[in-house]
Amino acid sequence: MSDPVLQAAGGRIGFIGEYLADLGVPRSLASAAGSGVVFVVVSVLLYVAGARLAIPVLDDILRHRGVDDHARKPVRVLGYAAVIVVGVGLGFALAGYGNILIALSTVGAAATLAVGFALQDVIKNVVAGVFVYTDRPFRTGDWIEWSGNSGFVEDIGLRVTRVRTFDNEHLTVPNSQMTDDVIKNYDTNRTLRLKFTFRIGFGDDIDEAMRHVIDAAHAEDEILDEPEPSVILMEISESSFDLQSRIWIRDPGDSDVLGIRGRFVKDVTDRFEAAGISIPYPHRRVEGSIDTSAPGDAGVVSDD
């Protein structure tokens, strides 16, 4: 009685098996060898075809959509994995391993369930990484901010994203945090507005102070003329008029944001000082008295 596992579906052993049987190989062994050859050949051919044709097409599609190279690498890995799965599955089918394929699918389903429970956090991050690739909330080199952290994206992986902070610290962030939290991307629109509040005294000329702020903005090369710098009277506080300036810079991720802001503020301060415009500061006046006519125990020094 022949073993059904070692034979092709329907009892046929295929032309390779028939050829081996004609050479004197026992039919059961010829059937197994023929099926094995079919499985290997089909799997290898499909893998080579997928690697030579499907993966380059996938890579071109991602490139045309503007996906960075760091983001394309994990997608290519998934593509190769899909090609292998399809090749092995089709190889099993054409080799006549019907019963083996059903058994393997049952075992694979059970193993997938067990692995899913054990690696649920990893799977969560991988799925989040797929959404990062498709939604593209940021790219490599962008300046982002999330959950009180900020820095430049150095690498986008399938499971984690690596960020370099302004203190040159390297953060490895699970992708699930990047999809569950609000991401502030300073580089998406290629421009960034900066705001700073200047305070002047009640006796100073507001229009003159505003003119000095605008002149200082135009004097800084890194501040854009379009959109135009602006300044408005925001508030009258206890001791000053509060003037809020609004300036725009280009490519914040590649610019010295703190340096631009610092030079602008210093220039405005120097112009105020030259024009005699005061920069008040909050102060408090404390009034009271201390009664020293009746000394108490606090003035006695103990020998203990």
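The structure this text deals with has already been given above.
Residues numbered from 1 in each chain as written. Predicted model: local features only at pLDDT ≥ 70, side-chain atom pairs only at ≥ 80, totals over all residues. Heavy atoms only, no water.

### Regarding the overall build of the protein
In terms of helices and strands, the protein carries 8 helices and 8 strands. Summed over its atoms, the accessible surface of the protein is roughly 19400 Å², and 58% of this surface lies on carbon and sulfur atoms. (Helix = DSSP H or I, 4+ residues; strand = E, 2+ residues; numbered from the N terminus. Areas by Shrake-Rupley, 256 points an atom, 1.4 Å probe, with all protein chains shown as cover.)

### A look at the packing of helix H7 (residues 206-219) against helix H8 (residues 257-275)
The angle between the axes and the distance between the axes are what describe a pair of packed helices. One can describe the packing of H7 onto H8 by two numbers: an axis separation of 9 Å at closest approach and a directional angle of 140 degrees. By the criterion of interaxial angle, the relationship of H7 to H8 is oblique. Along this stretch, H7 crosses H8, giving a crossing that reads as right-handed. The segment H7 lies against H8, with Glu208, Ala209, His212, Val213, Asp215, Ala216, Ala217 and Ala219 engaging Phe264, Asp267, Val268, Arg271, Phe272 and Ala275. Of the residues belonging to the contact of H7 with H8, the class tally is 9 nonpolar, 1 polar and 4 charged. (Axes fitted to C-alpha atoms, helices over the stretch in contact; angles between N-to-C directions. Parallel < 35°, antiparallel > 145°, perpendicular 65-115°, else oblique. Left-handed = near helix turned anticlockwise from the far one by under 90°. Contact = heavy atoms within 4.5 Å. Nonpolar A, V, L, I, M, F, W, Y, C, P; charged D, E, K, R; others polar.)

### Regarding the environment of serine 147
With respect to the helices, strands and loops of the structure, serine 147 is situated in the loop between strand S1 (143-146) and strand S2 (149-156). On the accessibility criterion, serine 147 (53% relative accessible area) is exposed. C-alpha separation for the pair serine 147 and glutamine 177, spaced 30 residues apart in sequence, amounts to 8.9 Å. (Buried < 20%, exposed > 50% of the residue type's maximum accessible area, 1.4 Å probe, protein only.)

### Focus: H8
Every α-helix winds through 3.6 residues per turn, so residues three or four apart in the chain are directed the same way. Look at H8: 27 Å from first C-alpha to last across 19 residues, which is about the 27 Å you get at 1.5 Å a residue. Taken together, the buried positions of H8 are Val257, Gly259, Ile260, Phe264, Val265, Val268 and Phe272. Contacts from the buried residues of H8 go to S1, strand S6 (191-200), H7 and strand S8 (241-250). Following H8 by one or two positions, glycine 276 adopts a phi angle in the positive range, close to 75 degrees. (Expected span 1.5 Å × (residues − 1).)

### A closer look at the sheet that holds S1
The strands making up a sheet are joined through hydrogen bonds of the backbone, oriented either antiparallel or parallel. Across the sheet, which stays open at both edges, the 5 strands sit in the order S4-S3-S2-S1-S5 with antiparallel pairing between neighbours. Two strands close off the open sheet at either side, each with one partner strand: strand S4 (170-174) and strand S5 (184-185). As defined by bridge partners, S1 adjoins S5 across 2 bridges and the pair is classed as antiparallel. In the sheet register, isoleucine 144 faces S5, and the bridge partner there is asparagine 185. (Pairing = 2+ DSSP bridges.)

### Some details on unusual backbone geometry
Note the cis peptide between glutamate 226 and proline 227, where omega equals 0 degrees. Unusually for a residue other than glycine, asparagine 168 sits at a positive phi of about 65 degrees. Locating asparagine 168 in the fold gives a position in the loop between strand S3 (160-164) and S4. In this model, aspartate 251 sits at a positive phi of 50 degrees, which is unusual for a non-glycine residue. Tracing the backbone shows aspartate 251 in the loop between S8 and H8. Residue class for aspartate 251 comes out partly exposed when judged on its relative accessible area of 25%.

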